[in-house]
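Residue-level structure breakdown
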Amino acid sequence: MYKNKKNGFLGIIITIAILVLIVIFSNKESNTSFFENIANKLVMPIQNGLTYVKNKLSGNSTFFSDINNLKIENKELQDKNSQLEQSLRELENIKTENETLKEYLGLTEKYGEYKTIPGYVINKDISNYSKMIVINVGKDDGVEENMTVIADEGLVGHVVSVTKNTAKVMTIIDTSSSISCLMSTNKDSIVCKGTLGNNSELKAIYIPTDADLIQGDSVDTSGLGGIYPKGIHVGNIKKIVSTKNITDRYAVIDTAVDFNKINTVLVIKNK
């Protein structure tokens, strides 16, 4: 019985569907089929989209040529940017050269009493055991061994070896360096030596027992010893260290020259 009811319900649905199709077909124009209408409804949106894109492109016929022009302009801008960067580097080099020339001028004016050879540092070996620098002037420029080397702030060291175009300089902070100096206030003589492991300090020894040490006092070369001329600034007394035996007391000297930043120098020609 249930099966008969199910078949009857299905027959009713099929009958209604047939009637709906008859109505639809009867309302369509003779030259357009139902399936054509369905196809038109599916295809028309796609056609409209394609037509829109086509109209957009046809309205700007230079679209692809504009892309090529943009590529060319971009390449030209890149070339100009490279040229500007090159010009900037050249200006920086000129600026550096001008600053170096100004330093040389200041040095030669400050030490006008000496005949000097200007140079700049091309290599540094500032380690715990060796504190040497190499400068870009040598025998061809008149540089000789044992010539004094100075910077704007004061004493750098002396030449220990020379090639045609370079010279090696032992700095005053080298442990092998020993300088005869005078304290500016009392004019007492002391000896300043390089210290191990420090690039900005000297140790002042052989201090007279009756010398009155003053913190901050200026220390200059005495002219004794045969290498350094008199009156070149070495540094200032930073600290005074007293010991049980007054003959063993010493002072710590802050060097006037910053050996980590030194660039330009003058070599004093021997008279």
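Here, the structure is the one placed above.
Residues numbered from 1 in each chain as written. Predicted model: local features only at pLDDT ≥ 70, side-chain atom pairs only at ≥ 80, totals over all residues. Heavy atoms only, no water.

1. Focus on the overall build of the protein chain
Broken down by element type, the protein chain carries three helices and twelve strands. Taken across its 271 residues, the protein chain has 28% of its residues classed as buried. When the accessible surface of the protein chain is summed, it comes to about 17900 Å², and 55% of that surface belongs to carbon and sulfur atoms. (Helix = DSSP H or I, 4+ residues; strand = E, 2+ residues; numbered from the N terminus. Buried < 20%, exposed > 50% of the residue type's maximum accessible area, 1.4 Å probe, protein only. Areas by Shrake-Rupley, 256 points an atom, 1.4 Å probe, with all protein chains shown as cover.)

2. A short note on the packing of aromatic side chains
Aromatic rings considered in pairs are described by the distance between their centres and by the relative angle of their planes. For the coordinates displayed, the defined rule picks out zero aromatic pairs. Over the face of the ring belonging to Tyr-250 we find Lys-203, whose NZ or CZ atom lies 4.5 Å from the ring centre. (Phe/Tyr/Trp six-rings, centres within 6.5 Å; stacked < 30°, edge-to-face > 60°. Lys NZ or Arg CZ within 6 Å of the ring centre and 35° of its normal.)

3. Some details on the sheet that holds strand β7 (residues 189-194)
Two strands in a sheet stick together by hydrogen bonds in their backbones, pointing the same way (parallel) or opposite ways (antiparallel). Pairing within the closed barrel is antiparallel, and its six strands lie in the order β6-β7-β8-β11-β10-β9. With direction set aside, neighbouring strand axes in the sheet form an average angle of 40 degrees. One ladder, built from six bridges, connects strand β10 (residues 233-241) with strand β11 (residues 250-255); its direction is antiparallel. Across the sheet, the residue bridging to Gly-235 is Thr-255, located in β11. (Pairing = 2+ DSSP bridges. Axes fitted to C-alpha atoms, helices over the stretch in contact; angles between N-to-C directions.)

4. Looking at unusual backbone geometry
Of note, Asn-146 is a non-glycine position whose phi angle comes to about 70 degrees, a positive value. Its place among the elements puts Asn-146 in the loop between β2 (131-135) and β3 (148-150). One non-glycine residue with positive phi stands out, namely Tyr-206, at about 55 degrees. Examined against the element boundaries, Tyr-206 turns out to sit in the loop between β8 (201-205) and β9 (218-221). When its relative accessible area of 62% is taken as the criterion, Tyr-206 is described as exposed.

5. Some points on the pairing of β11
Two elements, β8 and β11, share four bridges in a ladder whose sense is antiparallel. Along β11, the bridge assignment pairs Leu-202 with Ile-253.

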